Amino acid sequence: MAKKVLFINQEITPYVPETEMSVMGRELPQKAQEAGYEIRTFMPKWGTINEIRGQLHEVIRLSGLNLIIDETDHPLIIKVASIPQSRIQVYFIDNEDYFCKHKAGEEPVDDYADNGERAIFFARGVLETVKKLRWTPDIIVCQGWMGAVIPLYVKTAYHDEPSFANTKIITSLFSDQLKGELGTNFKNCLEFREAKASILKDYNDKFDFLELGKLALDYSDGVIEATENINKELVDYANSKQIPYLKYQGADYMDAYSKFFNEISPEE
């Protein structure tokens, strides 16, 4: 039976401008699908995305859930589109407050005061939608700081959910870095079920890129260098945790990724 891989992407071209991350977000799911994996792909519905040109449409049966973050209800809207000239379908996490006003790829997002809440909403939106799809991923690959909360939630708040009970998490490290902070209330906003603020006591109260990266690595089962020039402090941190680690492979990476996927989630 084909191994199931969930790709959680911060950026995917052609929906946002080309970067190392957006190109990988586009190519890796396709290469994985061509290699025989069953895949699903998610990204935020950034305000720069032209819904008409991209042929996005809302999936009513998946939308309508309200997520409470910092004691405020936020409606979750799910949209979907297919990447032209491919068989890759992309699910978009949308919300007017967190995504419609923000122009990823066209302006810096470092200094938005609600970046922490945005990452939390995105993570919970993805996981709730996967549950509704009744799909059980063997592996989740997180690409970009927007997906960095996913490992924590899968291993705590969602660990008893049938969709994620046996799921392994891989964090992909990129040279792109979030330079701003996520706010002093990030730990409290993150609270959900077993994901208590108290389990974050050893992290700095002011979450920045490095703290968020360490949080992702602490709850990951594997790490991939997706590009060159990765932050050395995060590389050293990952190595200190003795997490299975795949170094940068260059353009011809799929065979190495497949072997790494099988190492992280062996065939039964």
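Residues numbered from 1 in each chain as written. Predicted model: local features only at pLDDT ≥ 70, side-chain atom pairs only at ≥ 80, totals over all residues. Heavy atoms only, no water.

Undergrad: Report on empty space enclosed by the protein, specifying residues and quantitative values.
TA: The gaps left among the atoms become clear once a water-sized probe is rolled over them. Enumeration according to the criterion identifies 1 cavity of 30 Å³ or more in this entry. There is about 200 Å³ of room inside the largest cavity. Forming the walls of the largest cavity are 16 residues, and the residues nearest its centre are G144, W145, S172, L173 and F209. Those elements giving two or more residues to the lining of the largest cavity turn out to be strand 9 (168–173) and helix 7 (209–218). Of the residues forming the lining of the largest cavity, the biggest block, 4 residues, is contributed by helix 7. (1 Å grid on protein atoms, 1.4 Å probe; cavity = no way out; pocket = protein on both sides within 12 Å on 5 of 7 lines; lining within 4 Å. Points joined across faces, edges and corners; volume = space filled by probe spheres on them. Helix = DSSP H or I, 4+ residues; strand = E, 2+ residues; numbered from the N terminus.)

Undergrad: Before we move on, could you go through unusual backbone geometry and cite the residues and values that matter?
TA: Residue P14 is bonded to the preceding T13 through a cis peptide linkage, with omega at 15 degrees. Mapped onto the elements, P14 comes out in the loop between strand 1 (4–9) and helix 1 (20–34). The backbone phi angle of Q55 is positive, close to 55 degrees, even though this residue is not glycine. The phi angle at Q85 is positive, at roughly 60 degrees, despite the residue not being glycine. Following the sequence through the fold, Q85 ends up in the loop between strand 6 (77–82) and strand 7 (89–94).

Undergrad: Any chance you could break down the pattern of salt bridges for me, citing the residues and the numbers?
TA: Applying the stated criterion across every chain yields a total of 13 salt bridges. Of the charged contacts, one joins E233 and K214 as a salt bridge, the two residues approaching to 3.6 Å between their closest N and O atoms. You can see E233 sitting in helix 8 (residues 232–240) and its partner K214 sitting in helix 7, a full 19 residues away along the chain. Exposure remark for E233: the relative accessible area of 40% places this residue in the partly exposed category. With its nearest N and O atoms 2.7 Å apart, the salt bridge here joins D236 to K232. (Salt bridge = Lys/Arg side-chain N within 4 Å of Asp/Glu carboxyl O. Buried < 20%, exposed > 50% of the residue type's maximum accessible area, 1.4 Å probe, protein only.)

Shape descriptors only; they carry no functional weight alone.
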